[in-house]
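Residues per chain, in single letters:
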Amino acid sequence: MTQTQAKEHSGATTGEGDVALSVKDLWKIFGDKADKVIGTPDAELSRQELQAKTGCVAAVKDVSFEVAPGEVFVVMGLSGSGKSTLVRLLTRLIEPTQGSIRMAGEDITSASDQQLRDLRRKHVAMVFQHFGLLPHRKVVDNIAFGLEVRGVSRTERRNRAQEMVDLVGLSGYENSYPDQLSGGMQQRVGLARALAADPQLLMFDEPFSALDPLIRRDMQNEVIRLHEEVGKTMVFITHDLAEALKLGDRILIMRDGEIIQIGRPDEVVGAPADDYVKDFVSEVPKSHVLTLRWVMRPARPGEADNGPTLQADRVVRDAAREVLAADGPCRVFAGEEFIGMVDDEDILRVVVAEEG
Amino acid sequence: MTTLQAPPGRPGPNVKEEQPYVDTAPNRHTALWLAVTVAVWVVGWLIFRGQDTRTLSFQDLNGFHRWLNDLRDSIQLASSRGNWFFHGVIGNISAFFNWLVGQLQELVSTPAFPRPVPQIGWLGVLALLAWVAYAVAGVRSAALVLLSVLGFGFLGYWGDSIDTLIITVLAVLICCLIGLPLGIAMARRKAVSVAVTPVLDLMQTMPAFAYLAPLALIFGIGASSAVVCTLIYALPPLVRITEHGIRSVPETTLEAAGSLGVTKQQMLRRVQLPMARRTIVVGINQCTMAALSMATIAAFVNSPGLGKPVIAALQSLDVGGAAVSGFCIVIAAIMLDRTTTAASERAEKLNRGALASVSRPGVMLMTVVLEKLPRWATEEQRGRRPLPSPLFRRAVLALTFIPVLVAILLSRQYLSLATFSSSANVGPRIATAVSDLTDTVVNSVDTFTNAFKNVISYGLLNPLQSLLGEAPWWLMAAVLISVAFFLGGWRPAAVTVVCEAVILGTGLWHDAMVTLTMTLVATVMVMVLAMLLGVWMGRSRPADTVVRPVLDTFQTIPPFVYLVPALALFSSSRFTAIVAAMAYAVPIATKLVADGIRGVSPSTVEAARSAGITSRQMIMKVQLPMAREALVLATNQGLLYVLSMVVIGGMVGGGSLGYLVVSGFSQAQLFGKGIAAGIAITALGVMLDRITRYAAARHGRI
Ligand SMILES: Nc1ncnc2c1ncn2[C@@H]1O[C@H](COP(=O)(O)OP(=O)(O)O)[C@@H](O)[C@H]1O
Ligand SMILES: [Mg+2]
């Protein structure tokens, strides 16, 4: 259904197949009669109708997707749409009602307690909106906590924690206590703690929602930098479309526990799946996201033979100057293949629409 | 080209935000129904007045009372004959506690045969206590302990005070052994919590007075039943606060730790316990204060300690004597409270980090005991000085123990350092001075106190007592059931039915109604005062800063002591008990009201102010309605505090149930009736508690 298309990263992951995470038909229903809903006509009801009828809340409804190694996969939706539940289901911090989760080829759904603990200690780490730091421990000890609980020796975990302190730019604060740090710094501690175990998969649950906008931007850049440096697979939850578009290789849009759309940022903006998504993306500066593929038109007879050439995955904003500077329309290629034309008008339509 | 998930089409309004599913509350017309109930009651009272009131005169016994007397006789017979349970199990426990207390007494407070003095004399005890205070709570606490313990000596109650401390500390230690693991288990396993909570509820609703007699019967009068009573009374706050402390560790922290793959053990040891540490020490503080107050009341079952001289003085209406021994109790209370408080602050420092957040005022509304959390438990910590290293601390402790040892040895050598010199005893002189002073003061305020007493008696107490006590029992029963039903629904109504059946069964219906009258009157006055004071404190920071420490101090004083000034002002009467009950219940109720008012969201207050309302409108239309839950809770706590005090007030002229309980201790043929009175008190307490709690649950949320 969805094509996995990851950015290329140097030394991203080990060769464990081309799927880091695969989720199939995943359900989570909260409530006493949770297991009596799936498979009955009730499952088709909307969330409110279901709640009014049975008292159960369908937080995640029949969700399936795959994440490629090294990919940044963003889950986006308004508050209450089931994002937090979804991400917690992935390591079974919340038990799924139904469905299967596979991580690097291993079945999570049937893992034993011991296996799960192992998974959480070594392979998957999570960063939380409210940090979840231990107030009675210093920054280094917070970062080393995960290593401590899995029995790593004191010197080894100290060294590793110090590395992480430096990596996330907290040098000089290792002996502070969490409540002495600002929100942004606390979240750096959260980030360092997650990275300390060198996990293959990092999960973020609205990590920057509690931060001020400028700090948030810094932290987003930090995540991009870390992703380039350590190249982990990431599942990133947010309710902020700009953040999703900035970080995501692909974006999953959720509403009321259901998937509305999965696609690359330009797909979400260029071809919103329904009015809900369209409404969402209406405020986005399209020229920053859309590629030429989305604005080109079919070639008229004779046009395909000459004119400047541009690649189809160029973002409109970048290509605008070249198109406007050219005398006539430009030819758009996907690799070697000719696929269409753009001229000044096509560019201006996108750029000017934003001004209004 | 684009690969899209087909959107499951759901037509409808284009609402992005999810609209929650809401259950609307029905409109119940509570006030109307209550008015109807009262009208029916008054009419019924006019018609049937004086019929079926179920009055039982003081010396009369009914079958149940006689049966209880017989039961006592057979239990006493069984334990003397070596019955496996009463002799084997209970007898051994009782003997063990008696032996333990006896040993401790010989060690520090009573002559250790063949010595004419205890093993350790006063100087040694003084040094030892100060050192312990230094070790757990720091220099300032040590100084306080030093002064307090010297005070015991100078006031002439050295032995009694030390005995009280022995019972208190022993009970607290046992509480910790039982309560901490239990609290932890409750926090971690819902089933344990569900099973234990109702038991704790009952233990806390039951006025202490009610279980003294049955326990004395089983464990025999003396130190052992004192320890057991104290244990029962002091355990619930510790268990609850421990559970609460561990539960209050934020979900996000647990989740984050969980995501790192910690085991259950690691979660408890490295996350939950360290984060709950301060709250747990607060629990130990509460436990200690409860233990002290019960250790004094246990004098009724012949417990050694300060309670005895207070009771003796109260019964002979000797205000001076009661004041001096009562003052020793106050000193003990302040000393224990300050020391455990300082210990909890230190626990906080050792722990570092702002764990005070574990018990914010908002959380205060959660469980009943927690209302007693004093202010400092909810304050953010102030300055942070780094503590010296553990090694250094240990060295200092070891070093300071040397003078303690010297003091102990000296106190074994010299008689003057072993028994507190009677020439230093200023107690009797103070007692005389207090008596004289009270006489003059009381004479000069006489007109005022009498006027107050008369207004309340004729205006409120007498009419209400007539209404409750002279109505036929079936009318009263129906009225109470309907009130319970209209305020809280069928559950409290059902509880009321059961409690009424129990009271009827004890044969003390009329006495119960008299006690209920006193309780209601006192509670009304408590709430009036609490609202005035609480609103003032809730609205003004400076007022809060000044008044709250006073309330905190009042709350640490064992209830018993309140009888002394009340007795001085109003001599022996029904009213004395009511005044003492007010003094006892006002602090807690006021604090709850103040916190409720303060808890009203500042943005709401700001919005109201921007709409241009007056202060009066702000109080009446915004703050009080929004603090409704706190108000009902304050009433709940006020009722229970008042009830427990009204009962104790039985011994200074309060009459009815409380007096019956006291008489049961002293007169053998009234034993059964005393126990029955205790049962009736408990039933009354449970009934009032349930009605107000369900009312709070129903009407608290806006
Ligand atoms: N433990 C729970 N019990 C019952 N309902 C829950 C629970 N956790 C979440 N929900 C419900 O599930 C839905 C999705 O919640 P959540 O996953 O937190 O959404 P998001 O993170 O997108 O804001 C919400 O309607 C929420 O009320
Ligand atoms: Mg969320």
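**Focus on the overall build of chain A**
Item 1. For chain A, the count of helices and strands is 13 helices and 13 strands.
Item 2. Over its C-alpha trace chain A gives a radius of gyration of 23 Å, about what one expects of a compact globule, namely 21 Å for 356 residues.
Item 3. Dimensions of chain A, computed from C-alpha atoms along their principal axes, come out at roughly 70 × 55 × 40 Å.
Item 4. Within chain A, residue pairs in contact and separated by at least 24 positions form 67% of the contacts whose partners lie at least 6 positions apart.
Item 5. For chain A, the exposed surface amounts to about 15500 Å²; the carbon and sulfur share of it is 46%.
Item 6. The centroid of the 43 positive side-chain charges in chain A is displaced by 6 Å from the centroid of its 57 negative side-chain charges.

**What to know about the sheet that holds strand β2 (residues 57-67) of chain A**
All names here are of chain A.
Item 1. Across the sheet, which stays open at both edges, the four strands sit in the order β2-β1-β4-β5 with antiparallel pairing between neighbours. Two strands in the sheet have a free side with no partner beyond their single neighbour: β2 and β5 (106-107).
Item 2. Relative to β5, strand β4 (residues 98-103) runs antiparallel, the two sharing two bridges. In the strand pairing of β5, M103 is matched with E106.

**Re unusual backbone geometry**
Residues and elements named next belong to chain A.
Item 1. Positive phi values are uncommon outside glycine, yet A104 reaches one of about 45°.
Item 2. Relative accessible area serves as the criterion here: at 29%, A104 is assigned to the partly exposed category.
Item 3. Unlike most non-glycine residues, D198 shows phi in positive territory, near 55°.
Item 4. Tracing the chain through its elements places D198 in the loop between α6 (183-196) and β7 (201-205).
Item 5. Under the relative-accessibility criterion, D198 is labelled partly exposed at 46%.

**Describing the packing of aromatic side chains**
Item 1. Following the criterion strictly, the structure yields 21 aromatic pairs over all chains and no others.
Item 2. With centroids separated by 6.1 Å and ring planes inclined at 70°, the aromatic side chains of F300(B) and F560(B) adopt a geometry described as edge-to-face. Placement of F300(B) in the loop between α11 (264-297) and α12 (307-315) and of F560(B) in the loop between α21 (541-556) and α22 (563-570) is noted, with a sequence separation of 260 residues between them.
Item 3. Pairwise contacts between aromatic rings join F554(B), Y562(B), Y584(B) and Y641(B) into one cluster.
Item 4. The ring of Y276(A) has R255(A) lying over it, and the distance from NZ or CZ to the ring centre is 4.4 Å.

**Describing the site of ligand 1**
Item 1. Near ligand 1, the surroundings consist of 13 residues, among which G80(A), G82(A), K83(A), S84(A) and T85(A) are the closest.
Item 2. More than one chain approaches ligand 1, the contributing ones being chains A and B.
Item 3. S81(A) places a polar main-chain atom, nitrogen or oxygen, 3.2 Å from an oxygen atom of ligand 1.
Item 4. Between S84(A) and ligand 1, the recorded distance is 2.6 Å, taken from a side-chain N or O atom to an oxygen atom.
Item 5. Protein contact buries 62% of the 560 Å² of open area that ligand 1 shows by itself.
Item 6. Taken together, the elements giving at least two residues each to the shell around ligand 1 come down to β2 and α2 (83-90) of chain A.
Item 7. Here the shell around ligand 1 takes three residues from α2(A), the largest share from any one element.
Item 8. Taken together, the residues that form the shell around ligand 1 break down as four nonpolar, six polar and three charged.

**Concerning the domain arrangement of chain B**
Residues and elements named next belong to chain B.
Item 1. Domain parsing of chain B yields domain 1 (30-60 + 429-699), domain 2 (61-99) and domain 3 (159-338).
Item 2. Here the C-alpha centroids of domain 1 and domain 2 sit 35 Å apart.
Item 3. Each partner contributes to the interface: domain 1 provides 16 residues, whereas domain 2 provides seven residues.
Item 4. Roughly 840 Å² of surface becomes buried between domain 1 and domain 2 when both sides are summed, with 64% attributable to carbon and sulfur atoms.
Item 5. Linking domain 1 to domain 2 there are zero salt bridges.
Item 6. At the boundary of domain 1 with domain 2, the tally comes to three residue pairs in polar contact (both at pLDDT 80 or more).
Item 7. Mapped by element, the contributors of at least two residues to the side of domain 1 that touches domain 2 are α19 (490-506) and α28 (671-700).
Item 8. At six residues, α28 tops the list of elements feeding residues into the side of domain 1 that touches domain 2.
Item 9. The residue inventory of the side of domain 1 that touches domain 2, partitioned by class, reads eight nonpolar, six polar and two charged.

About the thresholds
Residues numbered from 1 in each chain as written. Chains lettered and ligands numbered in written order. Predicted model: local features only at pLDDT ≥ 70, side-chain atom pairs only at ≥ 80, totals over all residues. Heavy atoms only, no water. Helix = DSSP H or I, 4+ residues; strand = E, 2+ residues; numbered from the N terminus. Rg over C-alpha atoms; globule rule 2.2 N^0.38 Å. Contact = heavy atoms within 4.5 Å. Areas by Shrake-Rupley, 256 points an atom, 1.4 Å probe, with all protein chains shown as cover. Lys, Arg positive; Asp, Glu negative; His and termini not counted. Charge placed at Lys NZ, Arg CZ, Asp CG, Glu CD. Pairing = 2+ DSSP bridges. Buried < 20%, exposed > 50% of the residue type's maximum accessible area, 1.4 Å probe, protein only. Phe/Tyr/Trp six-rings, centres within 6.5 Å; stacked < 30°, edge-to-face > 60°. Lys NZ or Arg CZ within 6 Å of the ring centre and 35° of its normal. Near = heavy atom within 4 Å. Polar contact = N/O pair within 3.5 Å; in protein donor to acceptor, adjacent residues only side chain to side chain. Nonpolar A, V, L, I, M, F, W, Y, C, P; charged D, E, K, R; others polar. Domains from an automatic or database assignment. Buried area = accessible area lost by both parts, 1.4 Å probe. Salt bridge = Lys/Arg side-chain N within 4 Å of Asp/Glu carboxyl O.

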